Amino acid sequence: PPLVAAAVRFTWTDPEAPAPKKAKLEASRLTKVRCRHILFRHSGSTGQLDRGKPKATRSVLEAEEALLRLLPELAMGGPSAFTTRCKKDSDCDTKLRGGELAGDLGWLDKDPAKNRKIPASVVRAAFGLNVGQLSDIVASERGVHVLLRTA
């Protein structure tokens with residue numbers, strides 16, 4: 001049976017922080033965003049960057065279920081929980097980056113031709129997030145992802 005999930009987005013805010021100033025750019029005018037991700041590869045993953053790596057043994061369903069189990073922890077734990085789980089669980093080499101750069105995808109451009117290494121579905125999802133917001137599960141040819149927009 002297919003996995004059914006509720007789409008939920010979380011935003012981390014400091015209740016004692018002053019109200020944010022109005023964004024300088026409207027969301028529709030943004031040309032670049034920065035995100036981090038946690039990737040779970042599965043047996044159907046076919047990414048170019050995954051060549052030479054051992055084939056993932058989990059099914060698509062198992063990968064989605066694992067990420068669904070992580071979402072509450074990531075939502076409640078803030079950016080530090082994202083970093084910890086990324087370093088521990090992600091199947092992407094970006095998890096090896098130090099500190100708060102674990103899982104960093106860098107600056108993503110709205111023009112898909114400029115993001116050759118990042119799947120289009122991930123870029124589309126990234127542009128739909130606010131800074132500090134956690135995405136729902138995003139599927140791509142590389143596997144299933146959870147994104148955290150950082151800028």
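A brief report on the enclosed structure follows. (Residues numbered from 1 in each chain as written. Predicted model: local features only at pLDDT ≥ 70, side-chain atom pairs only at ≥ 80, totals over all residues. Heavy atoms only, no water.)

Turning next to the nonpolar core. Ile-38, Phe-40, Leu-67, Leu-74, Phe-82, Leu-134 and Val-146 are the most contacted members of the largest nonpolar core, which has 16 residues in total. The greatest single-element share of this core, amounting to nine residues, is contributed by helix α1 (residues 60-89). Residues Val-33, Leu-108, Ala-126 and Phe-127 belong to the second largest nonpolar core, which totals 14 residues. (Core = buried A, V, L, I, M, F, W, Y, C linked by side-chain atoms within 4.5 Å. Buried < 20%, exposed > 50% of the residue type's maximum accessible area, 1.4 Å probe, protein only. Helix = DSSP H or I, 4+ residues; strand = E, 2+ residues; numbered from the N terminus.)

Moving on to α1. When the terminal C-alpha atoms of α1 are compared, their 16 Å separation across 30 residues is substantially less than the 44 Å that a helix rising 1.5 Å per residue should span. Most pronounced at Gly-78, the bend in α1 amounts to some 135 degrees, and the proline Pro-79 follows within four residues. (Expected span 1.5 Å × (residues − 1). Bend = angle between axes of the 7 residues up to and from the residue.)

Before going further, it helps to examine the pairing of strand β6 (residues 143-149). Of all seven residues in β6, seven are buried; the element is thus mostly enclosed. Note: strand β2 (residues 32-40) against β6, six bridges, orientation antiparallel. The partner of Ile-38 across the bridge, within β6, is Val-146. Pairing geometry for strand β5 (residues 138-140) and β6, over three bridges, is antiparallel. In the sheet register, Ala-139 faces β6, and the bridge partner there is Val-144. Linking β5 to β6, which pair antiparallel, is a turn of two residues. (Pairing = 2+ DSSP bridges.)

With that settled, the discussion passes to the pairing of β2. Most of β2 sits out of view: seven of its nine residues are buried. As defined by bridge partners, β2 adjoins strand β3 (residues 104-109) across five bridges and the pair is classed as antiparallel. Following the sheet pairing, Cys-35 is matched in β3 by Gly-106.

Under the definition given, this model contains zero aromatic pairs. Across the ring face of Phe-40, the terminal group of Arg-58 is positioned such that the distance to the ring centre comes to 4.7 Å. (Phe/Tyr/Trp six-rings, centres within 6.5 Å; stacked < 30°, edge-to-face > 60°. Lys NZ or Arg CZ within 6 Å of the ring centre and 35° of its normal.)

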